[in-house]
Amino acid sequence: MSDREFILEMKNISKSFPGVRALQEVDLKVRPGTVHALMGENGAGKSTLMKCLFGIYAPDEGEIVIDGEPVTFQSARQALGKGISMIHQELLPIPYRSVMENIWLGRYPTVGIGPLQFVDHKRMLADTQKLFADLKIDIDPKTWVVNLSVSKIQSMEISKAVSYHSKIIIMDEPTSSLTEKEVAHLFEIIRRLRAQGVSVLYISHKMEEILQISDEVSIMRDGRLIGTYDAKSLTTDQIISHMVGRSMSQRFPHRTNTPGKTLLYVEKLTSVVPTSFRNISFELRAGEILGVSGLVGAQRTELMEALFGLRGIASGSISLRGRKVGIRKPEDAKHFKMALLTEERRATGIFPILSVADNTLAGNWGSYVQKTGLLNLHKAHVDIERSNSQLTVKTPSTKTLMQNLSGGNQQKVIVGRWLLTEPDILILDEPTRGIDVGAKFEIYTIIADLAARGKSIIMVSSEMPEILGMSDRIMVMCEGRLTGILDGKSATQEDVMRLSTQFM
Amino acid sequence: MSTPAPLKPGIQLSQVREFAAKNAIVLVLLVGIIVTAILQPTFLVPDNLINILMIASIYVIIALGEGPILLTKGVDLSAGRTVGLTACIAASLLQRIDYDSRIFPDLPFMPLVVPIVLAVLAGVAVGLINGGIVSFLKVPPFITTLGSMVIIYGVASLYVDRPPHGALPIGGLRDDFTNISNGAINFTSDIRLPYIIIIAAVVIFLMWLLLNKTRLGKNIYAMGANPDAAEVSGVNPNKTLILVYIIAGALYGLAGALQAARQGSATNNLGFTWELDAIAACVIGGVSTNGGVGTVGGIITGVLIMQVMNNALVVLGVSVYWQQIVKGLIIVAAVGIDIRKYIRKR
C-alpha cells in the first residue's frame, strides 16, 4: 500500500469533442485502499473521465498523477503498465478460449531456449489457480469462457486486473446484469481487494449499492465534478439532488400540440426474454409526446423494438384505435402506420455507402412502383428533394454518400424516410444522441411540429432536460418494469430519478 | 471536398486525377487493348474482336447472376456447376434424332424453346434452394453454395451417367440449337453480329433495369449496405435474398444452354471453376465483396478485361502457364487500383 494520501490525482481535466464540452476542469482524488464511487446522470462525463484515465482519450488539459508520479498515457497498455485496469461495462472476452488463456492473453508465460519459446501451459495453470485462490474465486481455469455466466466472466476479468498488480481498478456498471447473490459475491471480492490496498473506482447508478460498498462518493454533472463526499454521511436524496441540481440551460421550442383520442393501447406487455421488460401497460394519444425515461438497463429500447416487431413478446397485447393488432416484423408495424427511429443510428439506421437519396427512400420504394414494374424515379426525386428541404438537411447533393453527412443531418434524413411513410405513431429512440447542440434544437422543432400536426410520438431519452422539456407525459421504467407515468408539466427531475431507481 | 475553380479555362491536374481514379478500371481495359494492339496488330482484326465478345457474352450472363449476390454481401460458389448441370439438361434434350448414342433414345423432336426453358427452370430451382437455405436457415452463403456446388456436380454426373460406360459427353446436338450461339446476322464478309451478343445485350439491359429502376434492385443495395437497417425500414430480407438467388439461377441456366450450343456438346465437367471467373470479373469491375457497391457497367468492364486479357495473352503467344500467373496478378492489381477511390484519408 502506498503511504501517500492519494494514489490517484486527476487535476483540472478538460476534454472537448466537436460541439460538446464533455469534461470541464475536473479534479478527482482517490485514496489508496478505498472504494471510490463515481456517480452522475447519463452523459454527465463519468465514462469520458475514466477513458481519459485509461489512455483511451487524451485530455485537452490537466494532469494525471499516479502514486506521486505524473503520467500521460497514449494507450490502455501503458495504463495497465502503471497499475490501472478497467473492467468494462460490456465484457469482451474471447469466448472459445479457456479462462486462463483469456487472463494471460498477450503475455503468456513461456519456456524454451533462446528464440525458440513455447507457451508454458503448466505455469499458466498454476498462476491462474493461485490468483483464483487469493480472491476465493471458484472457476475451472481450463473451461471455455463461453460456458461461464456473466458474473463468472466478471470475476475472471477482475482476476485479470489483479494479475497486472493493479493499484487502481475501474469498474463501469459492474452489477448491471448480475443477480442479488452475484452482487454479494462481487462485493466480497471488492472488499478483499480493498483490504489488499487496491483502490476501486466504482461507477454505478444504483444508490443502495453505492452506499453499501463505497468509502467516498464523487458526483458529476454536465461534465463537472460537483464534489467528493464521505459515503457514511450521504443519503439517497442528497445524491439525487447533487446529480440533477442544475438549472435548465437547454432551450426547447414552444409546443402547440393538444393530445386527443387514445390511439395506441399497450396492455401487460411482457418480453420473451425473462430479464427484459414485463407487464407494461400504457396508452398513447393522437398528437401526444410521450417521453420514456429510465437508466441504463431499464429495457426501454427493448420495449420499443418489441412494439415494432423486432423482438418477441411472450404475453400481453397491443391495440390500435381499439383493435388488437399482431406485429411480428417491422413490415407489419409499417403497415399499421408506425415508424421507429432506432437508438443505434449507425448499426440499424443509415446505409453509409449509399446515397442520401437511396437512404431517404430505403424500404419505401413500394409506393413508386408503376404498372410496368419499374419505379417512377422522377416522383421519387421530387419527394426526396421536398423531404430534405422541409427537414433542412444540409447536403451537397442527394447523390452524396450518407457517410459524409454529420450525425444531425443523417438523423434528419432518417426522420424524413419515416415521414414519407406518413406514419401516425413515431417511436424515437434517443433521437438526439451524438448530435451537436444546434442540430438538437432543430430535431426538437421537428418533433414538436409533428405532434402539432396530430402525430403521436414516443420519445425515449436518457437526457433529463430533453424528457422534461419535450414530453406531455413521462413514462418511467426501471429494470424492465414500469414504475410510473408522470405529467410532463408538473414532473421534476427528482420525481423522475426516484422512479428510475425504484428497484435499485 | 470541393476543388477551387480554375482561374483560366483548361483542365486542372486534380480533375485529371479524379477522373482517372473514378474510371481506373476502364483505363486499365483501354491500356490493355492499346498495348496488345501495338505488340500484335492482328489483335484488332474484326474477327478477333467479335470472337472476344462472343466468349464474353456467356461469361457476362453468369457474372450478372453472381454480381447481385455479391451486392447482398453473399457469394455463390455453385454458379459454375449450375451452368454445367443446365448445359447437360439442355443438350440431352436437343440431340439429333439420327445421332446414335442419345441420352434419351426415344425422345421425340421438341421445339427449341422447351429445353432452354427447362434449363432455366433447373437454374431457378437451384437458386430457390440456395436462397431458401441462406435466408431461412441462416447458413452463410459461402457454406451453402460450397455444399450445393458439390451436390450439383453429383447430380449432373448422375444425369449423364450411362452404365457401364460412365459419364460420356453429350454430343450430336441439333444444328438449329448450335446456331443460337454460333450463328450471326452477316453484314459483310468481315462484319457480323452474332445472335449470342444480342442475347447478352438483352440480359444486360434487363439486369440494368432490375438494379436501377425496380424496387427489388433498391432493396438489394440496401440489404448489402446495412441488412439491419434494411429490415427496420421495412424491407423483407428473406424475400429479397431468395429472389436474388433465383434470378442468378435463371441466368446460369440460360448461360448453360448457350454454352452447350456454342461448343456443340456438354459434359458433367462443364463450368468447373467458372464461378471464380465470375467473382473475379465482378470484383475487377468494382463490385465490393462487402456488399452494397457495384454496377452493371462495372461488371461488363470486369468481364471484358478478363476476356481481353485471355485473348491478348494467346495472341501474344504467352505460355499457357504464364497466362495463369498473369491472370492472378491482374485480378489483384485491378482491385488494388479500383479500391483507391473508397479508401478515405484518416
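None of these values were measured; they are calculated from a predicted model. (Residues numbered from 1 in each chain as written. Chains lettered and ligands numbered in written order. Predicted model: local features only at pLDDT ≥ 70, side-chain atom pairs only at ≥ 80, totals over all residues.)

A. Region of the structure containing the overall build of chain B. Within chain B one finds 14 helices and four strands. For a compact globule of 346 residues, the expected C-alpha radius of gyration is about 20 Å, and chain B comes in at 22 Å, within 12% of that figure. Along the first, second and third principal axes, the C-alpha atoms of chain B reach 80 × 55 × 35 Å. When each of the 346 residues of chain B is scored for burial, the buried share is 45%. Partitioning the intrachain contacts of chain B with sequence separation of at least 6 by distance along the chain shows that 77% fall at a separation of at least 24. (Helix = DSSP H or I, 4+ residues; strand = E, 2+ residues; numbered from the N terminus. Rg over C-alpha atoms; globule rule 2.2 N^0.38 Å. Buried ≥ 20, exposed ≤ 12 C-beta atoms within 10 Å, placed from the backbone. Contact = placed C-beta atoms within 7 Å.)

B. Examining the sheet that holds strand S12 (residues 224–230) of chain A more closely. Residue and element names in this part refer to chain A. Read from one edge of the open sheet, six strands run S6-S9-S10-S3-S11-S12, paired in mixed fashion. Whereas interior strands pair on both sides, the edge strands pair on one side only; in this sheet they are strand S6 (84–87) and S12. Averaged over all neighbouring strand pairs, the angle between strand axes comes to 20°, with direction disregarded. The pairing of strand S11 (residues 216–221) with S12 spans six bridges and is antiparallel. Of the residues in S12, the one forming a bridge with isoleucine 219 is glycine 227. Along the sheet, helix H5 (residues 150–163) makes contact with S6 and strand S9 (168–172), crossing S6 at roughly 175°. Strands in contact with helix H6 (residues 180–195) are strand S3 (35–39), S9 and strand S10 (199–203); relative to S10, the strand with the most contacts, it is inclined by about 145°. (Pairing = 2+ DSSP bridges. Axes fitted to C-alpha atoms, helices over the stretch in contact; angles between N-to-C directions.)

C. A look at the nonpolar core. Membership of the largest hydrophobic core comes to 225 residues, with the highest contact counts inside it found for Ile427 and Ile447 of chain A together with Ile62 of chain B. Considering each element in turn, this core owes the most residues, 17 residues, to helix H11 (residues 237–263) of chain B. Isoleucine 447 of chain A has contacts with Ile289, Leu428, Pro431, Ile457, Met459 and Met470 of chain A, leaving out every residue within four places of it along the chain. In this structure, Val99, Leu148, Ile153 and Met156 of chain A belong to the second largest nonpolar core, which totals nine residues. (Core = buried A, V, L, I, M, F, W, Y, C linked by C-beta atoms within 7 Å.)

D. Just the packing of helix H13 (residues 296–315) of chain B against helix H14 (residues 320–338) of chain B, in detail. Residue and element names in this part refer to chain B. At a closest axis distance of 11 Å, the pairing of H13 and H14 adopts a crossing angle of 150°. Comparing their axes, H14 and H13 come out roughly antiparallel. Like other packed secondary-structure pairs, H13 and H14 cross with a definite hand, here right-handed. Contact with H13, carried on its side by Ile305, Met309 and Leu313, involves Gln323, Val326, Lys327, Ile330 and Ala334 of H14 and no other residues of that element. The class makeup of the residues in the contact of H13 with H14 is six nonpolar, one polar and one charged. (Parallel < 35°, antiparallel > 145°, perpendicular 65-115°, else oblique. Left-handed = near helix turned anticlockwise from the far one by under 90°. Nonpolar A, V, L, I, M, F, W, Y, C, P; charged D, E, K, R; others polar.)

E. Representation of the environment of aspartate 472 of chain A in the model. Along the polypeptide, aspartate 472 of chain A turns up in the loop between helix H16 (464–470) and strand S21 (473–478). Placed 16 residues apart in sequence, aspartate 472 of chain A and glycine 488 of chain A show a C-alpha to C-alpha distance of 4.7 Å.

F. Expanded view of unusual backbone geometry. All names here are of chain A. Unusually for a residue other than glycine, glutamate 25 sits at a positive phi of about 45°. Inspection of the secondary structure assignment puts glutamate 25 in strand S2 (residues 20–30). Non-glycine residue asparagine 279 carries a positive phi angle of around 55°. Checked against the element boundaries, asparagine 279 lands in the loop between strand S13 (262–271) and strand S14 (280–285).

G. Structural view of the interface of chain B and chain A. Facing 20 residues of chain B, the contacting portion of chain A comprises 25 residues. For the side of chain B that touches chain A, the secondary-structure elements that each account for two or more residues are helix H8 (195–213), helix H9 (215–225) and helix H10 (227–232) of chain B.

H. Molecular detail of the domain arrangement of chain A. Each domain of chain A was delimited in the assignment, giving domain 1 (1–83 + 167–246), domain 2 (93–164) and domain 3 (287–312 + 327–500). Taking only C-alpha atoms into account, the centre of domain 1 of chain A sits 34 Å from that of domain 3 of chain A. (Domains from an automatic or database assignment.)

I. Summary view of the confidence of the model for chain B. Residues and elements named next belong to chain B. Chain-level pLDDT for chain B is 90 on average; 95% of the residues reach the 70-or-more range. The model gives residues 1–8 a pLDDT under 50, and that stretch makes three contacts with residues more than four places away or in other chains. The complex model carries a pTM of 0.78, and its ipTM stands at 0.82. (pLDDT = per-residue confidence, 0-100.)

J. Just H6 of chain A, in detail. Given a rise of 1.5 Å per residue, 16 residues ought to cover 22 Å, and the 23 Å separating the end C-alpha atoms of H6 of chain A matches this to within 8%. The inward-facing, buried residues of H6 of chain A abut S3, H5, S9, S10 and helix H7 (207–213) of chain A. (Expected span 1.5 Å × (residues − 1).)

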